[in-house]
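Residues per chain, in single letters:
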Amino acid sequence: MIVIKNIEKKYGQEKILDGISLEVETGSIYGLVGKSGAGKSTLLRCINGLESYTAGQIWVDENEVGSLKSKDLRIFRKNIGMIFQNFSLANRISVYKNVELPLKWWKVNKEERNKRVNELLKLVGLEEKKDSKPAQLSGGQKQRVAIARALALNPKILLCDEATSALDPMTTVSILELLKSINKKLG
C-alpha cells in the first residue's frame, strides 16, 4: 500500500508538488493524469526515493520514504520496479543482459539469473529477441524489455512513468494489456 500525506516539493522557490494526498491499495492500478509539467514524474520519483520532498510523508508499506538513508533506501528500492518513458536501456548490450542487470547488481547467482531472465522474456513475449541489441527493436519491444527489467527483482510495486508516451496507439494498447496481465499474474 502507498499512502501519500500532504506532499510538497520545491525546486528553489518554485513549488512543484503542493499538498498532494492519496492512497493506493495493494494490487490496484492507479493512474496520475495531468498536463506536462504538472509534477507526475516528480511524484513518482519521490515515491521510490529517487528524489526527496520538502514536506509531508510518503509511506510504502511500513516505510516512510523520506526517513530512509543509504543502505535502507537501496533495499527499499529493490521492492519497487520503475519503467521510464525513454526506456533507459543500455544500448551496447543484448536484451538478455539488459534484463539481467539488476540481478547482477544484487549478486544473484548465475543459474537463478538465467532462469529469471528467461521467465521474464517469455512473460513479455521476447524470448526470440534475447540476443538482439535495443537498437534492433521497435519502440514496443524496447518497452517490453524495460518492463521485464523492472520486474527482475520481483518488486512489490511497479511504477510507470509515461510508459506508453513514445508508442503508437496499437502498441500502447498492447503494452497496457501486458501491464494488466502482469498485475493479474504477479499481484
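Anything mentioned here points back to the structure above.
Residues numbered from 1 in each chain as written. Predicted model: local features only at pLDDT ≥ 70, side-chain atom pairs only at ≥ 80, totals over all residues. Heavy atoms only, no water.

Visitor: Explain the overall build of the protein chain residue by residue, including any values.
Guide: Within the protein chain one finds 6 helices and 6 strands. Listing every helix and strand of the protein chain by position from the N terminus yields β-β-α-β-β-α-β-α-α-α-β-α. The C-alpha atoms of the protein chain give 17 Å as radius of gyration, which agrees with the globular expectation for 187 residues (16 Å, within 12%). Its C-alpha atoms give the protein chain principal-axis dimensions of about 50 × 40 × 30 Å. When the 187 residues of the protein chain are sorted by exposure, 41% land in the buried category. In the protein chain, the proportion of contacts linking residues at least 24 apart, taken out of those at least 6 apart, comes to 64%. When the accessible surface of the protein chain is split by element, carbon and sulfur atoms take 50% of a total near 10,900 Å². In the protein chain, 31 side chains carry a positive charge and 21 a negative one; their mean positions are 6 Å apart. (Helix = DSSP H or I, 4+ residues; strand = E, 2+ residues; numbered from the N terminus. Rg over C-alpha atoms; globule rule 2.2 N^0.38 Å. Buried < 20%, exposed > 50% of the residue type's maximum accessible area, 1.4 Å probe, protein only. Contact = heavy atoms within 4.5 Å. Areas by Shrake-Rupley, 256 points an atom, 1.4 Å probe, with all protein chains shown as cover. Lys, Arg positive; Asp, Glu negative; His and termini not counted. Charge placed at Lys NZ, Arg CZ, Asp CG, Glu CD.)

Visitor: Got a sec to walk through the pairing of strand β1 (residues 2-11)? Specific residues and values, please.
Guide: As paired strands, β1 and strand β2 (residues 14-24) are joined by 8 bridges and run antiparallel to one another. Bridging across to β2, K9 finds its partner in L17. Linking β1 to β2, which pair antiparallel, is a turn of 2 residues; within it G12 sits at a positive phi near 65 degrees. Taken together, the 5 bridges between β1 and strand β3 (residues 55-60) define a ladder with antiparallel strand orientation. In the strand pairing of β3, E8 is matched with A55. (Pairing = 2+ DSSP bridges.)

Visitor: Residues and numbers for the pattern of salt bridges, please.
Guide: Taken as a whole and judged by the stated rule, the model has 8 salt bridges. For K9, the salt bridge is made with E51, and the minimal N-O distance between the two is 3.5 Å. You can see K9 sitting in strand β1 and its partner E51 sitting in the loop between α1 (40-47) and β3, a full 42 residues away along the chain. Judged by relative accessible area, which is 7%, K9 ranks as buried. Residues R45 and E51 are paired through a salt bridge, measuring 3.0 Å at the closest nitrogen-oxygen approach. We classify R45 as partly exposed; its relative accessible area is 29%. Among the charged side chains, a network of salt bridges with common partners joins E8, K15 and D18. (Salt bridge = Lys/Arg side-chain N within 4 Å of Asp/Glu carboxyl O.)

Visitor: Describe in detail helix α6 (residues 169-186), supporting the description with residues and values.
Guide: Taking 1.5 Å of rise per residue, 18 residues should cover 26 Å, and α6 covers 25 Å from first to last C-alpha, within 8% of that figure. Every buried residue of α6 is listed here: T171, T172, I175, L178, L179 and I182. Looking straight down α6, one finds that the buried residues subtend no more than 125 degrees of arc, so they occupy a single side. Relative to its buried face, α6 has exposed residues pointing more than 90 degrees away, namely P169, M170 and K184. (Expected span 1.5 Å × (residues − 1). Arc of directions from axis to C-beta.)

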